[in-house]
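Coordinate analysis (summary)
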Amino acid sequence: MGIFSRIIMLRAKFMAAFVVSTLSFTQAIAEEIVISDGTALLATKFAKSGAVYFEMQNLGGVGDRLIGVESEIAQKTELHSHEIGADGVARMERLEDGISLPPGQSRILEQGGDHIMLMGLTRAFSQGDHLEISLIFENAGEISLALPVRIARRTARSERSE
Ligand SMILES: [Cu+2]
């Protein structure tokens with residue numbers, strides 16, 4: 001075996017070990033972040049954007065931060081706040097620094113408050129479908145969820161067919 005292929009093999013072994021240890025590290029820590037009451041709200045079945053709400057709890061002793069969201073069914077995702085301006089008009093603003101989750105605390109993402117915005121949805125959804133997203137935490141890493149979809153405005157026809 002030439003020296004070149006030996007180096008390649010060593011590199012492959014090193015990468016495998018790295019992947020395994022990263023996974024177990026992530027899982028151990030992710031157990032301390034608990035996500036509950038998750039839902040994805042769409043205005044209609046064919047809405048091009050939607051909002052995701054849930055409660056997140058940090059049962060661990062180390063602070064964490066939700067820094068991003070990944071989803072294969074949206075072209076873009078953002079973390080948003082919802083503020084009423086001095087002019088009385090509601091505005092959504094991008095939370096550039098994510099949403100912090102101190103140890104022992106919980107945060108609720110809800111309508112009229114912080115939420116995840118899904119933009120450019122690539123398919124239609126029906127009430128009760130599941131929408132898959134992955135939350136990316138600074139320490140806990142990736143937490144994947146399948147959230148039940150709620151359609152805000154349903155027609156009489158779509159009610160009957162569901
Ligand atoms: Cu928004």
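A brief structural summary. Since the model is a prediction, treat every value here as computed from it, not as a measurement.

**Overview of the overall build of the protein**
When you go through the protein residue by residue, the secondary structure sums to 2 helices and 10 strands. Mapped in sequence order, the helices and strands of the protein form the string α-β-β-β-β-β-β-β-β-β-β-α. Of all intrachain contacts in the protein linking residues separated by at least 6 positions in sequence, the fraction that spans at least 24 positions is 68%.

**Notes on the nonpolar core**
Counting residues in each nonpolar core, the largest one holds 24 residues, and the members touching the most others are Val 52, Leu 66, Ile 116 and Ile 133. Secondary-structure elements contributing two or more residues to this core are strand S1 (33-42), strand S2 (49-58), strand S3 (64-70), strand S4 (74-84), strand S6 (99-101), strand S8 (115-121), strand S9 (130-137) and strand S10 (141-151). Residues within four places of Val 52 in sequence aside, it is in contact with Ala 40, His 115, Ile 116, Leu 118, Ile 133 and Leu 147.

**Overview of unusual backbone geometry**
Although it is not a glycine, Asp 37 sits at a positive phi angle of roughly 55°. Following the sequence through the fold, Asp 37 ends up in strand S1. Residue classification places Asp 37 among the exposed residues on the basis of 12 C-beta atoms within 10 Å.

**A closer look at the pairing of strand S5 (residues 90-94)**
Taking burial as the measure, the 5 residues of S5 include 0 buried ones, a minor fraction of the element. Pairing between S4 and S5: 5 bridges, direction antiparallel. Bridged to Ser 81 within S5 is Glu 93. Joining the antiparallel neighbours S4 and S5 is a turn of 5 residues, in which Gly 88 adopts a positive phi near 80°.

Reading guide: rules and limits
- Residues numbered from 1 in each chain as written.
- Predicted model: local features only at pLDDT ≥ 70, side-chain atom pairs only at ≥ 80, totals over all residues.
- Helix = DSSP H or I, 4+ residues; strand = E, 2+ residues; numbered from the N terminus.
- Contact = placed C-beta atoms within 7 Å.
- Core = buried A, V, L, I, M, F, W, Y, C linked by C-beta atoms within 7 Å.
- Buried ≥ 20, exposed ≤ 12 C-beta atoms within 10 Å, placed from the backbone.
- Pairing = 2+ DSSP bridges.

Function-wise, these values are silent; they only describe arrangement.
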